[in-house]
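Structure assessment
The chain contents come next:
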Amino acid sequence: MEEQLSLLDLVWNASFTVQFVMAILMLSSMMSWYMIVNRYIYFRNANDEMYRFEERFWSGIDLSQLYREGNERAADGYAILGVESIFRAGFKEFSRLAQQAEMDSEALIEGARRAMRVAVMREEERLERHLAFLASVGSTSPYIGLFGTVWGIMHSFRGLANSTQATLATVAPGISEALVATAMGLFAAIPAVLAYNRFASKVEVLSNRYDTFMDEFSGILYRQAFAVRSRGKKAG
Amino acid sequence: MNTSIYAKPIMPRIVVRPALATLLIHGLLVVLLTANWASMDRERIKVKPLPNLVNARLVDVSDLKPKPQKKAEAAKPVAVPKVEPPKPEPKPEPKPEPKPAPKVEPPKPEPKPEPKVEAPQPKPKPKVEAPKPEPKPEPKVEQPKPEPKPEQPKPTPPPTTTPTKQSSRDALARIAQEELSTVDSTEEAAELTATADEMSASFAALIKRTVQSNWSRPPSARNGMECELEVQLVPTGEVVGVRVIRSSGDLAFDSSAENAVRRAGSFPELQKLPSGEFEKKFRRLNLIFKPEDLRF
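Note that the coordinates shown come from a computational prediction; the quantities given were computed from them, not determined experimentally. (Residues numbered from 1 in each chain as written. Chains lettered and ligands numbered in written order. Predicted model: local features only at pLDDT ≥ 70, side-chain atom pairs only at ≥ 80, totals over all residues. Heavy atoms only, no water.)

Looking only at helices and strands, chain A features 7 helices and 0 strands. In chain A, the succession of helices and strands from N to C terminus is α-α-α-α-α-α-α. Considering chain A as a whole, with its 236 residues, one finds that 39% of them fall into the buried category. Counting contacts in chain A only where the partners sit at least 6 residues apart, residues at least 24 apart contribute 82% of the total. Approximately 12900 Å² of chain A is accessible, and the part contributed by carbon and sulfur atoms is 60%. (Helix = DSSP H or I, 4+ residues; strand = E, 2+ residues; numbered from the N terminus. Buried < 20%, exposed > 50% of the residue type's maximum accessible area, 1.4 Å probe, protein only. Contact = heavy atoms within 4.5 Å. Areas by Shrake-Rupley, 256 points an atom, 1.4 Å probe, with all protein chains shown as cover.)

Below, the structure is given as structure tokens:
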């Protein structure tokens, strides 16, 4: 009775280079799946947070009250992300500048906007984390797999050159083993490419939302700044 | 709390769920691939030499009258579905069928419709026996080897078919025809209820029988020899490849086994098999040939 070729046998009996390629691909596949799920959860949370915060922000609540609530949550060890961190950055800078009497209203707004832009940058940076890895897995792992395949086929044909009787059976296992590498490359690449495209568009959407929020909030701060300064002028 | 916006960004820890999901996906993939690969089990069929049995069937003259015929038919639908495995039996029949007309065939005493062949001539005529259900179980009984030997002498009687008149002969042929058609229809009905396992078992039996009848052993065959062939079939039932995967050590024996399969050629009945079942069991088929009944 002939031995059935099993997939695991193919992997274990492969030549060193092909095995090495397979190991790389397996590792990158696992890492990319880890990052896919990680990003998925992160984006879902960011989305939920954004809706929750915007609802609260536009509910007419006192802004300093909102800021204090955020302080409490930060003290409890929560990481403040997304729109709320933008709000906090802008509000903090604004209130700090407003305490200095020599600042005019334009300077107040400029300072707050600058702080908020920095916060938006940081948020985008957080959103885009791991995406570069997904992109490179998606674009390179087919090539890595192809390399393994070409190497394996080269080997099996070299074996064919040495044997006097050329039958399909002498090359078939080698080719089969080599093709496993391509299959693994594709297995790693396809989800990574799909996920990268999806997450990239999500990043786009979220950072647009952040920009919009920044503009809306600076409109409110504008009003606030002129109110504060005109009161100051009357008093002074 | 008093972290400035320029502090190192805090990343929320999302570790456990992605790690679990990753392991799950890859574990599942490995399990699926290896399981599928390993579960491609083949059917193994043992081919033993066909014992030289008289495959006779008692058809009584009383059957020629319409009434008992009806009765027998009425009784059959009940009996046949029970006797599932031998279902493909009627298939090989058509070939020997035309033979009853010439009536003279010393080499193969197979033909069923021969009425008065069995043993004592005077008896069968008056005897009223349930003729149809009888022959079905017979193929099963054929298996035991000790039996064929004692019966071998018997095949000589067939030519002594003097008692049959020409008219009754025609009638017999007609009966056999009707019988075949009824068996066909009941077979179809039974097929609907037959599970895939039963079907593949009966097809395996059919293949075995066909190959057996085509196998002529070389004189060099000895007891204890065994050779295994791998037969490749296509869904139309045709044999596309035969390969010896375990030789008996005797070249003639191996090639006789190979020839038996090639001569069998095709098993068109396999077309009735659902394709999944075919892929699983009959795409590649292992046949084991053993001459067990040899005396030397």
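Structure shown, so let's carry the discussion forward.
Counting its secondary structure elements, chain B contains 8 helices and 4 strands. Going from N to C terminus, chain B has its helices and strands arranged as α-β-α-α-α-α-α-β-β-α-α-β. Burial status across chain B gives 42% buried among its 296 residues. In chain B, 84% of the contacts between residues at least 6 apart in sequence involve partners at least 24 apart.

Here we come to the confidence of the model for chain B. Predicted coordinates in areas of low pLDDT are best not read in detail. All names here are of chain B. Summary statistics for chain B give a mean pLDDT of 64 and a share of 44% for residues scoring 70 or more. Per-element confidence in chain B is highest for helix H7 (residues 251-264), whose mean pLDDT is 84, and lowest for helix H3 (residues 138-142), whose mean pLDDT is 45. A low-confidence stretch, residues 68-105 stays under pLDDT 50, and its non-local contacts, those more than four residues away or across chains, total 59 contacts. Ignoring residues within four places in sequence, the model shows residues 108-162, a span with pLDDT below 50, making 84 contacts including any to other chains. (pLDDT = per-residue confidence, 0-100.)

Residue pairs three or four apart in sequence face the same way in an α-helix, which turns once every 3.6 residues. Spanning 14 residues, H7 of chain B covers 20 Å between terminal C-alpha atoms, matching the ideal 20 Å at 1.5 Å per step. At the C-terminal side of H7 of chain B, Gly265 of chain B shows a positive phi close to 75°. (Expected span 1.5 Å × (residues − 1).)

Residue and element names in this part refer to chain B. Examined against the element boundaries, Ser256 turns out to sit in helix H7. A distance of 2.7 Å separates the side chain of Ser256 from the backbone oxygen of Phe253, its partner in a polar contact. Among all residues touching Ser256, those that are not within four sequence positions of it are Trp215, Ser216 and Pro218. (Polar contact = N/O pair within 3.5 Å; in protein donor to acceptor, adjacent residues only side chain to side chain.)

Within this structure, the stated rule accounts for 13 salt bridges over all chains. Its salt-bridge partner being Glu123 of chain A, residue Arg126 of chain A comes within 3.5 Å of it at the nearest N-O pair. Highlighted residues: Arg126 of chain A and Glu123 of chain A, both in helix H5 (residues 105-128), separated by 3 residues, approximately one helical turn. For the pair Arg126 of chain A and Glu123 of chain A, one class covers both residues: buried. The closest approach of N and O atoms between Arg246 of chain B and Glu226 of chain B, which form a salt bridge, is 2.8 Å. Separated by 20 residues along the polypeptide, Arg246 of chain B in strand S3 (residues 239-246) and Glu226 of chain B in the loop between helix H6 (196-214) and strand S2 (227-233) bring together distant segments of the chain. A residue is classified by how much of its surface remains accessible, and Glu226 of chain B, at 28% relative accessible area, is partly exposed. One network of salt bridges, with partners in common, ties together Glu49, Arg52, Arg73 and Glu84 of chain A. (Salt bridge = Lys/Arg side-chain N within 4 Å of Asp/Glu carboxyl O.)

All names here are of chain B. Both S2 and S3 contribute to a ladder of 6 bridges, which runs antiparallel. Bridge assignment links Val231 to a residue of S3, and that residue is Val242. Between S2 and S3, which follow one another and run antiparallel, lie 5 residues, and Gly237 among them has a positive phi close to 95°. (Pairing = 2+ DSSP bridges.)

Next up on the list: the environment of Arg223 of chain A. With respect to the element layout, Arg223 of chain A can be found in helix H7 (residues 168-235). When the C-alpha positions of Arg223 of chain A and Ser105 of chain A are compared, they lie 9.5 Å apart, and in sequence the two are 118 residues distant.

On to a nonpolar patch on the surface, then. Residues and elements named next belong to chain A. Together, Tyr143, Leu146, Val150 and Met154 make up an exposed nonpolar region whose accessible area comes to about 430 Å². You can see Leu146 is positioned in helix H6 (residues 131-162). Of the residues examined, Leu146 reaches a relative accessible area of 44% and is grouped as partly exposed. (Patch = residues over 30% accessible without salt bridge, like charges linked within 9 Å, V, L, I, M, F, W, Y side chains within 5 Å.)

Take the nonpolar core next. With 46 residues, the main nonpolar core has Phe57, Phe87, Leu134, Tyr210, Phe213 and Phe217 of chain A as its most contacted residues. Looking at this core, the elements with two or more residues in it are helix H2 (16-57), helix H3 (63-75), helix H4 (83-98), H5, H6 and H7 of chain A. Among the elements that line this core, the one with the most residues is H7 of chain A, at 12 residues. Look past the residues within four positions of Tyr210 of chain A in its chain and what remains in contact with it is Ala46, Met50, Gly82, Val83, Ile86, Val120, Glu123 and Leu127 of chain A. Judged by nonpolar contacts, the second largest core, of 28 residues, contains Ile207, Phe278, Leu287 and Phe289 of chain B. (Core = buried A, V, L, I, M, F, W, Y, C linked by side-chain atoms within 4.5 Å.)

What follows deals with the packing of H2 of chain A against H4 of chain A. Residue and element names in this part refer to chain A. For the pair H2 and H4, the least separation of the axes is 8 Å and the interaxial angle reads 45°. One finds that H2 runs oblique with respect to H4. Between H2 and H4, the contacting residues are Glu49, Met50, Arg52, Phe53 and Phe57 on the first element and Val83, Glu84 and Phe87 on the second. Residues of the contact of H2 with H4, tallied by class, amount to 5 nonpolar, no polar and 3 charged. (Axes fitted to C-alpha atoms, helices over the stretch in contact; angles between N-to-C directions. Parallel < 35°, antiparallel > 145°, perpendicular 65-115°, else oblique. Nonpolar A, V, L, I, M, F, W, Y, C, P; charged D, E, K, R; others polar.)

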